[in-house]
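Spelled out from the first residue to the last, the chains are:
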Amino acid sequence: MRIGLFIPCYVDQLRPAVGIATVRLLEAFGLPFEFPEDQTCCGQPFLTAGERAQACRFAARFVDVFADYDRVVTPSGSCAAMIRSHLAELVSDRRARALAGRTRELCELLVECDADRGRVGRFPHRVGLHASCHALRSLRHGQPSESRAGASAGGGGGEGGGEGPAGGAPAADDGRAPLDPARRLLAAQAGIELVALARRDDGCGVGGIFCVEEEAVSCRMGHDRLADHERAGAAIVTSTDVSCLLQLEGLARRRGSPLVFRHVAEILAEGWLGPDEGADGPSPSCGPASPADGPPPIGSPPAGAPDGPR
Amino acid sequence: MGHVSRARDFVADAERTTWHDAALWFVRAKRDAAVDLVPDWERLRDAAAAIKREALARLPELWLEFESKATRAGAVVHWARDAAEANAVVTRLLRERGITRVVKSKSMLTEECGLNPWLARHGIEVVDTDLGERIVQLRDEPPSHIVMPAIHLRRSEVGETFTRTLGAPEGLSDPDALAALARRDLRARFLAAQAGITGANFAVAETGSLVVVSNEGNVDLGTALPPLHIACVGLEKIVPAKRDLPVFLRLLARSATGQAITAYTSHFGGPLRTAAAEGAGAKTQRQLHVVIVDNGRSRLLGQPAFREALACIRCGACLNTCPVYRRSGGHSYASVIPGPIGSVLEPARDARAHAELPHACTLCGSCSEICPVQIPLDRQLLAWRGVLASSGLHPRRRRLALGFAAALLARPRLAALAGGLGRRLARVLPPAVVARLARPWTRERALPPLPAASFRTLYRARRSTARPAPATSARGEAAPR
């Protein structure tokens, strides 16, 4: 199986550590992948801003770059949703539909490969899982709180056709609500405590250019999410999407909140593989710019934390 | 300026935003609990969507059937192409009879047509009889929600309004006392009314009858006391048969307010025939006039991308669940119908005036999931953005910025170069300058700590120096740790 690794443009520039964590996971689980260097943005910001013609150009390029891979994997629920839900409608190319069906968000791929079977990770922290709207409602990572679709037959499938499971997220055997792959993989880490949120799927307020155009509402949405995680006692907030995390982290840092923000890939890589000991030293850029204004490094459990099985 | 600035003003009152959001979330939670008691909820949604699809496909024949059945039952049916025609029909009916005092129950259609100010200009007094609607009428404000028109007001604000308009004592804010006061005032107006105007939730083709749901008894009172009942019905309200009603009634009350059923479900099959009316003889013959209003609906029917929005039953669930509506208030939309459904319907009526509404949305998709008739609202909002952009109705600044970003991102090598340069600049420039450049992101948000190298660079370094990846090992063999 050939896997194409798609690193979203903003992850490439702003959170490369998430890409590196993804690479470490793929390597550790023996999933052979390539990173095609001529990849670029998937076109989502242009589509959601109404610039369809621009979006089509990016989508066509995505098809050209990735059409030959058996799977495309990306550490972003939102970009994966863009590909699965819109690629075929933007590109008339016959390959587009099949490619949409072969594209996976990272946690989906890991679950598909049973990455967590018989493998023990360890991440002894209180973690709040922020549901990315697109991972939840478009990729069907779990059941949206307003939906009852899991209650009757069928579960929730994605819109992408082609090969592979329609939705990517595995439906429970009894046809009930689809499982959330990120939650499942996080829960496989010993010592982790996933806190219960009062509103488990209210949005963070990013929404493409919404976060700058509707800045006031966007920030208010983010503040409300942060408050929920704080009340629930989370020490670390995680998500399948860097965009959500940049929004929440930006607000938290400005108001001096001690919350730490880590992408799911970073937590899984650390839980299963330990700190990155690559050529550039541990997590070269996911940490704060200077120790003074950033969150404490994670990975060293607080004193007295329960020692999970290794 | 637009939704952006009105929303900013709303959010600036943090405390109000908090309770507005909480009040709507309370209704959302009540809806969730009510829905949990219906095991076949999603199948009910399927059924409703299918009935609406059928009704929209057979719209002309269903309305003709309605007209003939309603006429046979003694109602008079009028057709209005637009708001002006609808208002003219209503005015004519009232003027012919010398009527100057009218009571009206809640109707989004008459809001859309601007019927109240129109009648006022023609010397006819209209009193809204739904409590929330009455409150905003006394404040000379439009409703901020299609089911809870005064949801944006605190109790104390209602008290102040009643002090100013109904002679309530200063400082009154007890809800029961406020409601009692409004009821006393309304009762006199009901008794004095010469005609009652209502909307309709459903028009049934099979029987020629109308169905109106309400919670306050004002629909029944307003149609039973005066001898003339005028019902204004939007073209999208038709359903084929009586047996379709249970599907919608079960969905509507639960989606709107979390009730299993509204307190009143009033069926009108022709003019009311009460013992009192019949005893009074032909001189006070009661009359029912039905005004069927298009006002742009048939045009929407011709647009496949947006047609399904005509299935809307005005439950307001998409407003309650919308994270933007909850935090920006209904008035921020400056439209008759706010929230997700309003942001789809309003640009169809006037694209230029409402071009920014489809952007008052993060595309979270909750509206489409909650909609009892499965309108794909998020897809329609996205579709509107495309239509409006290509019609030149998007701000130039946005188009230029996106064009620039697209030109850069289409060249990965150039984009990598620019990214690296940008990150380096951000480190050497004074933070205040960087923050300034990155506005409006940085008004309330810190910039993320910027990494020295991009993923591409780190990955290349890793591939050239690090041990070879265990690319060939079977699944599960590459042991972590």
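Our subject is the structure that appears above.
What counts as what
Residues numbered from 1 in each chain as written. Chains lettered and ligands numbered in written order. Predicted model: local features only at pLDDT ≥ 70, side-chain atom pairs only at ≥ 80, totals over all residues. Helix = DSSP H or I, 4+ residues; strand = E, 2+ residues; numbered from the N terminus. Buried ≥ 20, exposed ≤ 12 C-beta atoms within 10 Å, placed from the backbone. Contact = placed C-beta atoms within 7 Å. Axes fitted to C-alpha atoms, helices over the stretch in contact; angles between N-to-C directions. Parallel < 35°, antiparallel > 145°, perpendicular 65-115°, else oblique. Nonpolar A, V, L, I, M, F, W, Y, C, P; charged D, E, K, R; others polar. Expected span 1.5 Å × (residues − 1). Pairing = 2+ DSSP bridges. Right-handed = clockwise from strand over helix to strand, strands pointing away.

**Student:** Would you mind going over the overall build of chain B with me for this structure?
**Tutor:** Scanning chain B from N- to C-terminus turns up 23 helices and 10 strands. In terms of overall dimensions, chain B has C-alpha extents of about 100 × 55 × 45 Å along its principal axes. Per-residue burial for chain B yields a buried fraction of 46% across its 481 residues. Pairs at least 24 apart in sequence give 72% of the contacts found in chain B among residues at least 6 apart.

**Student:** How should I be thinking about the overall build of chain A in this particular structure?
**Tutor:** When you go through chain A residue by residue, the secondary structure sums to 13 helices and 10 strands. A total of 310 residues make up chain A; the buried ones form 62% of that total. A sequence separation of at least 24 residues applies to 77% of the contacts in chain A between residues at least 6 apart.

**Student:** Would you mind showing me how to read the packing of helix α5 (residues 77-90) of chain A against helix α6 (residues 94-102) of chain A here?
**Tutor:** For any two helices packed against each other, the geometry comes down to the angle between their axes and how far apart the axes lie. All names here are of chain A. At a minimum axis separation of 8 Å, α5 and α6 run at an interaxial angle of 170°. Accordingly, the angle class assigned to the pair α5 and α6 is roughly antiparallel. Note on element contacts: α6 touches α5 through A96, R97, L99 and A100, opposite I83, R84, L87 and A88. Residue classes in the contact of α5 with α6 are distributed as 6 nonpolar, no polar and 2 charged.

**Student:** What am I meant to see in the interface of chain B and chain A here?
**Tutor:** Bring the parts together and some accessible area is lost; that lost area is often taken as the interface size. Each partner contributes residues to the interface: chain B has 71 residues there, and chain A has 74 residues. For the side of chain B that touches chain A, the element with the most residues is helix α23 (residues 455-465) of chain B, which contributes 7 residues. When its residues are assigned to classes, the side of chain B that touches chain A shows 41 nonpolar, 13 polar and 17 charged.

**Student:** Would you mind showing me how to read the packing of helix α11 (residues 215-231) of chain A against helix α1 (residues 3-12) of chain B here?
**Tutor:** Close contact between α11(A) and α1(B) brings their axes to 8 Å; oriented N to C, the two are set at 40°. Taken together, α11(A) and α1(B) sit at an angle that is classed as oblique. Contacts from A:A216, A:V217 and A:R220 in α11(A) reach B:A7, B:R8 and B:V11 in α1(B).

**Student:** In this structure, what is going on with helix α2 (residues 14-36) of chain B? I would like to understand it.
**Tutor:** Quick reminder: α-helices carry 3.6 residues per turn. Residues three or four places apart thus point the same way. Over its 23 residues, α2(B) extends 32 Å from the first C-alpha to the last, a length consistent with the 33 Å expected when each residue adds 1.5 Å. Buried residues belonging to α2(B) abut α11 of chain A together with α1, α3 (41-57), α12 (245-257), α15 (317-321) and α16 (323-328) of chain B.

**Student:** How do you make sense of the environment of B:P395 when you look at a structure like this?
**Tutor:** Residues and elements named next belong to chain B. Here P395 lies in the loop between α19 (377-390) and α20 (396-409). Residue class for P395 comes out partly exposed when judged on the 14 C-beta atoms lying within 10 Å of it. Spatially, the C-alpha atoms of P395 and R8 are 19 Å apart, while their sequence positions differ by 387 residues.

**Student:** Explain the sheet that holds strand β10 (residues 287-293) of chain B here, please?
**Tutor:** Sheets are built from strands that pair by backbone hydrogen bonding, the pairs being arranged parallel or antiparallel. Residue and element names in this part refer to chain B. Ordered in space as β1-β10-β7-β4-β2-β3, the 6 strands form an open sheet in which the pairing is parallel. The open sheet terminates on both sides in strands that have one partner only, identified here as β1 (76-80) and β3 (125-128). For this sheet the average axis-to-axis angle between neighbouring strands, irrespective of direction, equals 20°. In this sheet, strand β7 (residues 228-234) lies alongside strand β4 (residues 195-198) in parallel orientation, the contact comprising 4 bridges. The residue bridging I197 from the neighbouring strand is I230, located in β7.

**Student:** Explain the pairing of strand β10 (residues 260-263) of chain A to me, please; I cannot follow it from the model alone.
**Tutor:** Regular strands place side chains that alternate from one sheet face to the opposite one. Residues and elements named next belong to chain A. Burial along β10 is two-sided: the face carrying V260 and R262 and the face carrying F261 and H263 are both buried. Relative to β10, strand β9 (residues 236-239) runs parallel, the two sharing 4 bridges. Counterpart to V237 in the pairing with β10 is F261. Once the chain exits β9 it traverses helix α12 (residues 242-254) before rejoining the sheet at β10, and the crossover so formed is right-handed.

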